[in-house]
Amino acid sequence: MFTYTLRRLFFAIPTLLIISFVIFALLDLAPNDPTGDLPLTIPPEVREQIRASLGLDQPFFIRYLAWLNQFFVNEPLNILESLTGWQFGDGERMRVLSWATRSPVVDLIVQRLPQTLWVVGLAYVFGILIAIPIGVISAYKQYSIFDQIGTFVSMVGYSVPTFFTGVLLIVIFSSYLQWFPSVYDTNLRVTDFATFVAQIKQMALPVAVLALYNASQIARFVRASMLDNLHQDYVRTARAKGVKEKVVLLVHVLRNSLIPVVTVIALGVPTVFSGAIITEQVFRVNGLGQLLITAVQGADIPLIQTLTFIFAVLIVLFNLIADVLYGLLDPRIRYD
Amino acid sequence: MHKLKLLLAGTAAALALSGPAAHAERGTDGDLKILFWQAVSTMNPYLSGGTKEVLASSIVIEPLARTDEKGELVPWLVTEIPTLENGGVAKDLLSMTWKLKPDVKWSDGTDFTAEDVIFTWKYCTAPDGGCAQAAQYEGVKNVEAIDPHTVKITFEEPKPYPYSAFVGPQSPIIQAAQFKDCVGAKAPGCTAANFGPIGTGSFVVKDFKPNDVITFAANPNYRDAAKPAFASITLKGGGDAASAARAVLETGEYDYAWNAQVEPEVLQTMMAAGKGRLEISFGTQTERINLNWTNPDPALGDKRSTTEAGPHPALKDPAVRRALSLAIDRDIIVEAGYGQSGKPTCNIVPAPEAVASTKNDSWCLKQDIEGANKLLDDAGWVKGGDGIRAKDGVKLSFLYSTSTNSVRQATQELVKAMWAEIGVDAELRNASASVFFGGDPASPDTFQKFYADVLMYTNNFDGTDPEKYLAEWLCDKMPGPKNGWQGQNIPRYCNPAYDKLVGELSKTADLEKRAELSKQLNDMLTEEGAHIPLVHRGDQSSFAVTLEGVRMNSWDSQVWNIADWSRKK
């Protein structure tokens, strides 16, 4: 198992390099421009100077190599410096700079990550917590009223887009009932009970929207996986031995059914980091998804490139984790 | 007359600024909550020319002079506006002198001096800096200090209208001490300074979260001890125009939402909650349809839409250009897409009043289908079996392109229907704004390439003087392969008489004569059909009913007088 993991990690390096090149090439070919959003009153000569100051007058490969150097050498060195206090060279390194803010991309990501992890991560956790019991009961009482309702709700949750549910919740709970704010206050610091309540309140709507979406997806998986196992021979054997129904269901069937579910959940973790672009935009949560979409709109190439690449790393990494977990949980799977 | 008004207004505003304050104390009205649906990326307008950055930074850093809501220049950090009469502008028009107010302090308590003004010029004109506002300092040869509170600007050639450098929110003064190590290529590296510039304005930056939220606090060293009334500002960014307007008008969570670019009927339902109001002001934005004077035929390959391609087979006929304008009912377009924030217009320079022509309003503002049909009949364009007019094998069927935006797409539909009534067909197309306005020479969809017959978008000019703007229609400003498709003469209009008149305008200093020339130039463009002006667009923002002191301004930043804003008690 260990050599297998090492081998996979080793193969990830060329994969990621190719991914980074493809992203860079795609962004370069895309017909957008960092000066495209500027007012037309700014004349073409000035735009040309702005582009040159962003390094856009350099050839494609030089720009790609510069990014590789900034991302793989300069940024890690900077992180190491700030963690250890050591000094490498003169400390004057070109960092990956965002074109829109002209500030280091890594600082932007560090600033955005907590909000995304809180809102999207919490929604993911809630989604899982809601999905498992629904999936289990739906499968156990297949075609019952509970199953029908559960199936209906998950279908709705899965197929109705978040930009609709988000605005719907705002109209009901913010505009009409006025229970929750419609705009996320990113300056809020939780210091006492009142601010804690405020934080819960402002997280309620975006978390609800995303939890519904996540729960619908996972509940379907749990249900299908449970149904697979409920008809297995070992279940009949257990029942014949006189094992209590509760134990059959929650110990034997559930444990076996969760193996594929765990992999699905692990594969979904990178989407937590990439944020929920639409939901974050609707509720104005300053997370990574919102950062990405503003970068795309403003043709902030270094920011898009870096963010997309980090997502690619996470996806490759969690694919590996899912595979390893599968091997650990299921004794029938052996990689060596 | 105009000059006198300008002077009077200046004095009046100076009096208003120094006069007894309406509010007894600074910082008594709590937090002002502002919502920008496009988040602010930086607080340095010299590094980002975006409107949102210019607006947000104008809360903190200020220019020497501003333009008030009536379009009159107002001395801001100076004692008076330099003019020919008061000797501030030299007779040869080669220099001007600004006298700084003696008691202005930066928010860190240090003195505001001529050195800061000089530094600002050097900062924006430094090579490799990529200064977004470089055009403001065009033609400036030197900026020097006569004494610590007197600045002299020398121009390379006579400058009849010199109010560009250090005037308006696009060219505010930054502190020399703070930015001295950030000149040229080093500019982007100074993140702390770019996110929190020290200013002379009524507020200071306390916390800046890029592309998200900015917190401001009242400037303790602001020159008027009684202002600002608000203790702090929270400026949140992101989302979309409709939900931003809703947060002010319907839920009342915010006091001010910038740019309510939303369909009129949607705004009406939000207003029903009674929590907010809309304020509209008109600047110089004109939505227009550009007509392509060159041939955009794809068969011409690289030559298409350039002078080498020859004139447009159908649009070269003046009767066709005139008929296309006559067929349009501008009132319907305004009503459907703009409501109160639009007015029908036939001018490319629709404001300020002194330079806005009325000459063509009589024939152009009213829809005249009959007249348009007759014009085309007389010119020999006959309707075919499909109802589309043609002559010598050339059909009046046009590719009509614009940027993606729901109001623009609705306008396209309306115009298409109106043109159908005179036997003109239109094929509608739209491209994402970042591509359309992006200017990427490799993309066929930019407005500079103009690979279409007619093209619709909005443009405007900064400040109140249209000279630079009118120079965009010069023959040598046409975009083409030679200049990498850069150039502002989008219709490829070329008229030596027009070029000559622009040359005359650039040498005229008398304001009344300038206005006369500007009107002539504007009329020429409309009459000859370089474009079809459609709508004079206003700026529209939503404000809470409790917010007082707002003077909505299209000539300057919308928050130009934020020091005077207060909360109704």
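Residues numbered from 1 in each chain as written. Chains lettered and ligands numbered in written order. Predicted model: local features only at pLDDT ≥ 70, side-chain atom pairs only at ≥ 80, totals over all residues.

Chemist: How would you sum up the overall build of chain A? Please name residues and give values.
Modeler: On a plain count of helices and strands, chain A comes out with twelve helices and zero strands. When the helices and strands of chain A are listed from N to C terminus, the series reads α-α-α-α-α-α-α-α-α-α-α-α. Considering only C-alpha atoms, chain A reaches an extent of 80 × 60 × 40 Å along its principal axes. Among the 336 residues that make up chain A, the fraction classed as buried is 35%. Expressed as a percentage of contacts within chain A between residues at least 6 apart in sequence, the contacts between residues at least 24 apart total 70%. (Helix = DSSP H or I, 4+ residues; strand = E, 2+ residues; numbered from the N terminus. Buried ≥ 20, exposed ≤ 12 C-beta atoms within 10 Å, placed from the backbone. Contact = placed C-beta atoms within 7 Å.)

Chemist: An account of the interface of chain B and chain A is requested, with residue identities and associated values reported.
Modeler: Between chain B and chain A, the contact holds 46 residues from the first and 43 residues from the second. For the side of chain B that touches chain A, the elements supplying multiple residues, two or more each, are helix H5 (191–195), strand S8 (213–218), strand S9 (232–237) and helix H13 (433–436) of chain B. In terms of residue class, the side of chain B that touches chain A is built from 13 nonpolar, 24 polar and nine charged. (Nonpolar A, V, L, I, M, F, W, Y, C, P; charged D, E, K, R; others polar.)

Chemist: Explain the domain arrangement of chain B to me, using residue names and the numbers behind them.
Modeler: Reports of interface size often rely on the accessible area that becomes lost once the parts have come together. On domain assignment, one finds that chain B holds domain 1 (2–275 + 545–567) and domain 2 (284–462 + 526–538). Taken together, the contacts link six residues of domain 1 of chain B with five residues of domain 2 of chain B. (Domains from an automatic or database assignment.)

Chemist: How would you explain the sheet that holds strand S13 (residues 382–383) of chain B if you had to name every residue and give the values?
Modeler: Residue and element names in this part refer to chain B. Ordered by their spatial adjacency, three strands build an open sheet running S13-S14-S15, and the pairing between neighbours is antiparallel. Here the strands that pair on one side only, and so sit at the sheet edges, are S13 and strand S15 (394–395). Relative to strand S14 (residues 389–391), S13 is paired through two bridges, and the arrangement is antiparallel. Note on S14: the bridge partner recorded for Val 382 is Ala 390. (Pairing = 2+ DSSP bridges.)

Chemist: Help me get a handle on the sheet that holds strand S6 (residues 150–155) of chain B, residues and values and all.
Modeler: Residue and element names in this part refer to chain B. The strand order across the open sheet built from three strands is S4-S6-S5, with neighbouring strands paired in antiparallel fashion. Sheet topology places strand S4 (95–99) and strand S5 (140–147) at the edges, where each strand pairs with a single neighbour. With strand direction ignored, the average angle separating the axes of adjacent strands in the sheet is 20 degrees. As defined by bridge partners, S5 adjoins S6 across six bridges and the pair is classed as antiparallel. (Axes fitted to C-alpha atoms, helices over the stretch in contact; angles between N-to-C directions.)

Chemist: Break down the nonpolar core for me, with residues and values.
Modeler: Grouped together as the largest cluster of nonpolar side chains are 152 residues, with contacts concentrated most on Leu35(B), Leu64(B), Ala65(B), Ala245(B), Val248(B) and Ala257(B). Sequence-distant contacts of Ala65(B), that is, excluding residues within four places in its chain, are made with Leu73(B), Val74(B), Pro75(B), Trp76(B), Val78(B), Ile81(B), Tyr163(B) and Val167(B). (Core = buried A, V, L, I, M, F, W, Y, C linked by C-beta atoms within 7 Å.)

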